[in-house]
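# Structural features, examined
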Amino acid sequence: MRILMMNPALSNKFPNGRELIHDVDLIHLPMGILYLAGVAMQGGHDVRVIDMPVSNMGWTEVERIVDEFRPHLAGVTTMTATFPNAMRCARIAKAAGARVVMGGAHVTFEYAEALSSDCVDYVIKGEGEQAFASLLQMLVAGQAPDGKVSGLIARPAQRRSRDRLDDKGASSFGDTSLPKRIRNLDSIAFPPYDLLDMKHYVELEALGIHTSRGCPYRCDFCTIQGQWGRQVTWRSADEVAREMKWLVDRYAYRGREFIFYDDTFTVNRAHVLDICDSMKRWDVDVRWKAMTRVDRVDDDLLQRMKSSGCFRIIYGIETTNEESLAKCGKDTHIRDVFAAVRMAKEAGLEVAGYFIIGFPWETRDDMSRVIDTMGALELDEYGLAMLAPYPGTPYFDHPERFGISIPDRDWERFNHLLPIIESKNFTRKDQAEAFVDYLCQHVID
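Criteria and cut-off values
- Residues numbered from 1 in each chain as written.
- Predicted model: local features only at pLDDT ≥ 70, side-chain atom pairs only at ≥ 80, totals over all residues.
- Heavy atoms only, no water.
- Core = buried A, V, L, I, M, F, W, Y, C linked by side-chain atoms within 4.5 Å.
- Buried < 20%, exposed > 50% of the residue type's maximum accessible area, 1.4 Å probe, protein only.
- Helix = DSSP H or I, 4+ residues; strand = E, 2+ residues; numbered from the N terminus.
- Contact = heavy atoms within 4.5 Å.
- Disulfide = S-S within 2.5 Å.
- Pairing = 2+ DSSP bridges.
- Axes fitted to C-alpha atoms, helices over the stretch in contact; angles between N-to-C directions.
- Phe/Tyr/Trp six-rings, centres within 6.5 Å; stacked < 30°, edge-to-face > 60°.
- Lys NZ or Arg CZ within 6 Å of the ring centre and 35° of its normal.
- Polar contact = N/O pair within 3.5 Å; in protein donor to acceptor, adjacent residues only side chain to side chain.
- Salt bridge = Lys/Arg side-chain N within 4 Å of Asp/Glu carboxyl O.
- pLDDT = per-residue confidence, 0-100.
- Right-handed = clockwise from strand over helix to strand, strands pointing away.

We now examine the nonpolar core. By size, the foremost hydrophobic cluster in this structure holds 146 residues, and its most contacted members are Met102, Phe132, Phe260, Trp288 and Tyr315. Of the residues forming this core, the biggest block, eight residues, is contributed by helix H2 (residues 31-42). Excluding residues that lie within four positions of it along the chain, Met102 makes contacts with Val76, Thr78, Phe83, Ala86, Met87, Ala90, Val107, Ala114, Val120, Tyr122, Val123 and Ile124.

Structure, rendered in C-alpha cells:
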C-alpha cells in the first residue's frame, strides 16, 4: 500500500513560521508518525511523511502531494490545538480516496468526535505501533478491523450523526480501552528519519529522541497518565547512545543542540547515569537538554549530566503558589524548586522553568503574585502557559468539581496563549491581563 503520514499545521491562532515557533521550543521531530512510518516500511509499504509546521507547507502543497501520491491510507496525528487542521488533512486524504487513521493525545480521548465525521475511518489510542501494524495487516488481507484490535477504534458502519458514550458508559464503538504497552522499547526500530527533509531540523538545531515513555505522576493538568497509563518503559542506554551517534554522524550534527523528549527525564536516576556513560563510550558530541521535576534531581546527578554534555535543565515548576502545587496534584513544594535551581546552577547548567496560571482556585491577585515572584528564581528562561483543560484531564472531564466553565470549546484555543476557562474567582480577561504582565516582566526587553 501507499501510506502517507501527516503532521498537521499548528493552531491557526498561534504565530506560525519556523523561526517563530522555534523561539518558543515548539519545533520537534514528529516522532509518533515517524515510528509508525517505520512500522509500515517494515511491512513492505511505500511510505511518505508530511510535517507541516517545520516545512512551512501550505494547504495547496498538501493537496498536490496527496493528488500525486494517491495514498491508500493516510495516518494523521493530532494534539488538541491542531485537531481542526488534522481534520482538514483527513478531508484532503479522504477526497483522494484514502482511508484515514488518526492518532495522538486529542483523539485518544475525543475519538467520538473524529469518528463521527465522514473522513476518519479509524482512531488509534495511546501507544500506536502494535495497533497500526495490525491495522495494516488486516487491510492488506481485506479484513474489517472492527473491534478486533486493542487500541484501535473503527467508525461504526451505521454511524449516528453524533455518536457519544451513553450514561452507562456504553458506546457503539465497542472496546475503547487503551492497548497493552510495549514492554521492550528496544524492539522498536529507529525511526526512518530520511523520510523527512532533515535540513530544516538541522538548521534549527531541533534533533531529539525519547529514552522512555510514560510518567508515573498524577498532575491534574496533564494527559500523559490517561494516554499511556502510569507505567514507565525505558530504552536501554546503549540503544539511546547508538541512535544519537547515528543522528550526529548522518546529519553532521556534532557539537549542536539536542533534546530528550521524555516527560520526566530523570524519573529513573540509574537510567540517566547509564545514558551519560553510554554517550561517552559512543563519543556522542552534542549539547543536550531535558525536562524533569524539581524533586527528581540531586547534586551528583546534575554534575554527571553536565559532564556528558548537558547544558540546560528544564523544570516543570508550574507555580510559586504553595496551595496550587498541592491542589493540582504536582506534589512538590517551593523549597524543592529553590533547591533544584540552586543545584543546577552549581553544576554549571542553564535553568529554564515552565509555569501555569489560571488554576480554578486562583484569583487575579494570585496570578500576579506568581508572575512577580518567578523572577526570584533568577532563571535563564521562563515559560508561562494559561491553564488548558485538555480532554482527558479532570478539569475537562469534571469542570463542575472545580467550579469552572469552558465557554468556548474551540480546540485551536487550547494552545496556552489564550484563556479558556472561567471561574467564580477570575474571568478570561483577568488571565489575559496577567499574561501581558508576564510578557512585560520576563520576555520583552
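What follows concerns the state of the cysteines. Disulfides are covalent bonds that link the sulfur atoms of two cysteine residues. The tally for this structure, following the rule as stated, stands at zero disulfides. Among the cysteines around Cys215, which has no disulfide bond, Cys222 carries the closest sulfur, lying 6.5 Å off. Note on Cys328: no disulfide assigned, nearest cysteine sulfur contributed by Cys219 at a separation of 6.1 Å. We classify Cys328 as buried; its relative accessible area is 0%.

Okay, helix H16 (residues 364-374) next. When we look at burial in H16, the residues that qualify are Arg364, Asp366, Met367, Ser368, Val370, Ile371 and Met374. Packed against the buried residues of H16 are strand S13 (350-357), strand S14 (381-386) and helix H19 (428-443).

A few words on the sheet that holds S14. In space, the six strands of this open sheet follow the order S7-S10-S11-S12-S13-S14, with parallel pairing throughout. The open sheet has two free edges, formed respectively by strand S7 (207-209) and S14, since each of these has just one partner strand. Sheet twist, expressed as the mean angle between neighbouring strand axes with direction ignored, is 20 degrees. Note: strand S11 (residues 287-292) against strand S12 (residues 310-318), five bridges, orientation parallel.

Our next topic: the packing of aromatic side chains. Given two aromatic rings, one states the distance between the centres and the angle between the planes to describe the pair. Scanning the model with the defined rule gives 14 aromatic pairs in all. Linked through ring pairs, Phe258, Phe260, Phe265 and Trp288 together constitute an aromatic cluster. Over the face of the ring belonging to Tyr217 we find Arg293, whose NZ or CZ atom lies 3.7 Å from the ring centre.

By secondary structure assignment, the location of Ser55 is in helix H3 (residues 52-55). Owing to a relative accessible area of 25%, Ser55 belongs among the partly exposed residues under this scheme. Between the C-alpha atoms of Ser55 and Lys199, which are 144 residues apart in sequence, the distance is 10.0 Å. Looking at Ser55, its side chain comes within polar contact range of the main-chain oxygen of Asp51, at 2.9 Å.

This next bit is on the pattern of salt bridges. One pass over the full model with this rule turns up 31 salt bridges. The closest approach of N and O atoms between Arg269 and Asp300, which form a salt bridge, is 3.2 Å. Here Asp300 lies in helix H13 (residues 299-307) and Arg269 lies in helix H12 (residues 269-281), a separation of 31 residues in the sequence. Taking relative accessible area as the criterion, Arg269 reaches 33% and is therefore assigned partly exposed. With its nearest N and O atoms 3.5 Å apart, the salt bridge here joins Glu422 to Arg428. Three or more residues joined by partner-sharing salt bridges are found here, namely Lys245, Asp249, Arg254, Asp283 and Asp285.

Strand order in the open sheet formed by six strands is S2-S1-S3-S4-S5-S6, with mixed pairing between adjacent strands. Edge strands, defined here as strands with exactly one partner in the open sheet, are strand S2 (46-51) and strand S6 (152-154). For this sheet the average axis-to-axis angle between neighbouring strands, irrespective of direction, equals 20 degrees. Packing of helix H4 (residues 59-69) onto the sheet brings it into contact with strand S1 (2-7) and S2, and relative to S1 it is tilted by some 165 degrees. Its contacts with the sheet place helix H5 (residues 83-95) against S1, strand S3 (73-77) and strand S4 (99-103), and it is angled at close to 160 degrees to S4.

When the pLDDT values of the protein are averaged, the result is 92; 93% of them are 70 or greater. Confidence drops under a pLDDT of 50 for residues 20-24, and excluding neighbours within four residues, the segment shows 12 contacts in the predicted structure. Contacts for the low-pLDDT stretch residues 158-170, under 50 throughout, to residues beyond four places or in other chains number 20 contacts.

This part takes up unusual backbone geometry. A positive phi angle, near 55 degrees, is found at Glu378, a position not held by glycine. Even without a glycine there, the phi angle at His416 is positive, about 75 degrees. Its location among the elements puts His416 in the loop between strand S15 (404-405) and strand S16 (422-423). His416 sits in the partly exposed class, given a relative accessible area of 29%.

Every other side chain in a regular strand lies on the same face of the sheet, so the side chains alternate between the two faces. Counting buried residues in S13 gives six out of eight residues, a clear majority hidden from the surface. The sheet contact formed by S12 and S13 spans six bridges and is parallel. Within S13, the position partnered with Tyr315 by the bridge is Gly353. Across six bridges, S13 lies against S14 in parallel orientation. Across the sheet, the residue bridging to Phe355 is Leu384, located in S14. You can see the chain leave S13, run along H16 and come back into S14, and the turn it takes is right-handed.

Let us look at the environment of Val49. Here Val49 shows up in strand S2. Classification of Val49 by relative accessible area gives buried; the value is 13%. As a C-alpha pair, Val49 and Met5 span 44 residues in sequence and 4.7 Å in three-dimensional space. For Val49, the residues in contact, after removing those within four places along its chain, are Leu4, Met5, Ile33, Leu34, Ala37, Leu195 and Leu196.

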